[in-house]
Amino acid sequence: MHAFLLINTNPKEFATKQKAKQIPFRLQKIDDVRELKKFVKFSFALKTAIIIEDIDKATVETQNAFLKNLEEPNKNLIYVLTVSNLENVLPTIVSRCQVIKIQDLRYKMYDKNANYKDALNIKDRGEAIKFVENLIYIDHEKNIFQNQENYLQSLKNLKANGNVSLQLLNLVVKMNSQR
C-alpha cells in the first residue's frame, strides 16, 4: 500500500514508523495539487512520505484532482493523509487508502486496568484536549459511558483555558476513585 488515511493518529509518528523521510504538503485547492504533481514527478531514492493533513477540509474539486496521484504511485513514495471527519472525504480516495483508526501513538488505549500517568506529563493544552478526546472516543467505541461526564467536564474546562495540569490531575483523581 502506498497511501494511508489516518484517523486520530499522529502522521509524523506514523511516517517515522514507516522509516520514511517526511515532507509536509498543504492540499486545499487545485493549485496545490498542481504543485504536488510537479514535485512528485521526480523519482525518490529514499522512502518518502508526503504528509497531507486535514484532507477532509480540501474542496471536492481538489480531492478529485488529487486522485490521480493515488492511482499512479511513484516508487519509494507514500502518501500519509489525516482526517478529522471521514464523511468529508471522497469515497474514491478512501478506497485507495489503507484506513488506520488507531489513537495517537503517545497515548495508551484506555481500559479498566490503565493508569493515567501519561496524562500527568502533558503540559500543552492542545495535547491535553487531544488526550481527553481520545478517551471519549475509545470509551464510545467500547460502549462505555460511565466516564463520559468526567471527560466532558475536563474537556470543557481545558477549552475554557483552565490550568492544564490541574484539569488532568483532577481527571486522574476522579478516574482512580471510580475503580
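Residues numbered from 1 in each chain as written. Predicted model: local features only at pLDDT ≥ 70, side-chain atom pairs only at ≥ 80, totals over all residues. Heavy atoms only, no water.

### Focus on the packing of aromatic side chains
Next, step 1: The final tally for this structure, using the stated rule, is three aromatic pairs.
Next, step 2: With a centroid separation of 5.8 Å and an interplanar angle of 55 degrees, the aromatic rings of F39 and F44 are classed as tilted.
Next, step 3: Assessed through its relative accessible area of 31%, F39 is described here as partly exposed.
Next, step 4: Measuring from centroid to centroid gives 5.4 Å for F66 and Y79, while their planes differ by 90 degrees, and the two rings are edge-to-face. Of this pair, F66 sits in helix α3 (residues 60-71) while Y79 sits in strand β4 (residues 77-83), placing them 13 residues apart in sequence. Across the pair, exposure class does not vary: F66 and Y79 are buried alike. (Phe/Tyr/Trp six-rings, centres within 6.5 Å; stacked < 30°, edge-to-face > 60°. Buried < 20%, exposed > 50% of the residue type's maximum accessible area, 1.4 Å probe, protein only. Helix = DSSP H or I, 4+ residues; strand = E, 2+ residues; numbered from the N terminus.)

### Observations regarding a nonpolar patch on the surface
Next, step 1: Taken together, the side chains of L120, L169 and V173 present a nonpolar region at the surface, about 240 Å² in accessible area.
Next, step 2: Within the secondary structure, V173 is located in helix α8 (residues 164-177). (Patch = residues over 30% accessible without salt bridge, like charges linked within 9 Å, V, L, I, M, F, W, Y side chains within 5 Å. Areas by Shrake-Rupley, 256 points an atom, 1.4 Å probe, with all protein chains shown as cover. Salt bridge = Lys/Arg side-chain N within 4 Å of Asp/Glu carboxyl O.)

### Digging into the pattern of salt bridges
Next, step 1: Enumeration over the complete set of coordinates arrives at five salt bridges.
Next, step 2: As a salt-bridge pair, D54 and K57 come within 4.0 Å of each other at their nearest N and O atoms.
Next, step 3: Taking relative accessible area as the criterion, K57 reaches 53% and is therefore assigned exposed.
Next, step 4: Salt-bridge contacts for E71 lead to R96; the nearest nitrogen and oxygen are separated by 3.1 Å. In this pair, E71 sits in helix α3 while R96 sits in the loop between α4 (91-95) and β5 (98-100), placing the two residues 25 residues apart along the sequence.

### What about the side chain of Q167?
Next, step 1: Mapping Q167 onto the fold places it in helix α8.
Next, step 2: Judged by its relative accessible area of 11%, Q167 is buried.
Next, step 3: With near-sequence residues (within four places) excluded, Q167 lies in contact with S154, N157, L158 and G162. (Contact = heavy atoms within 4.5 Å.)

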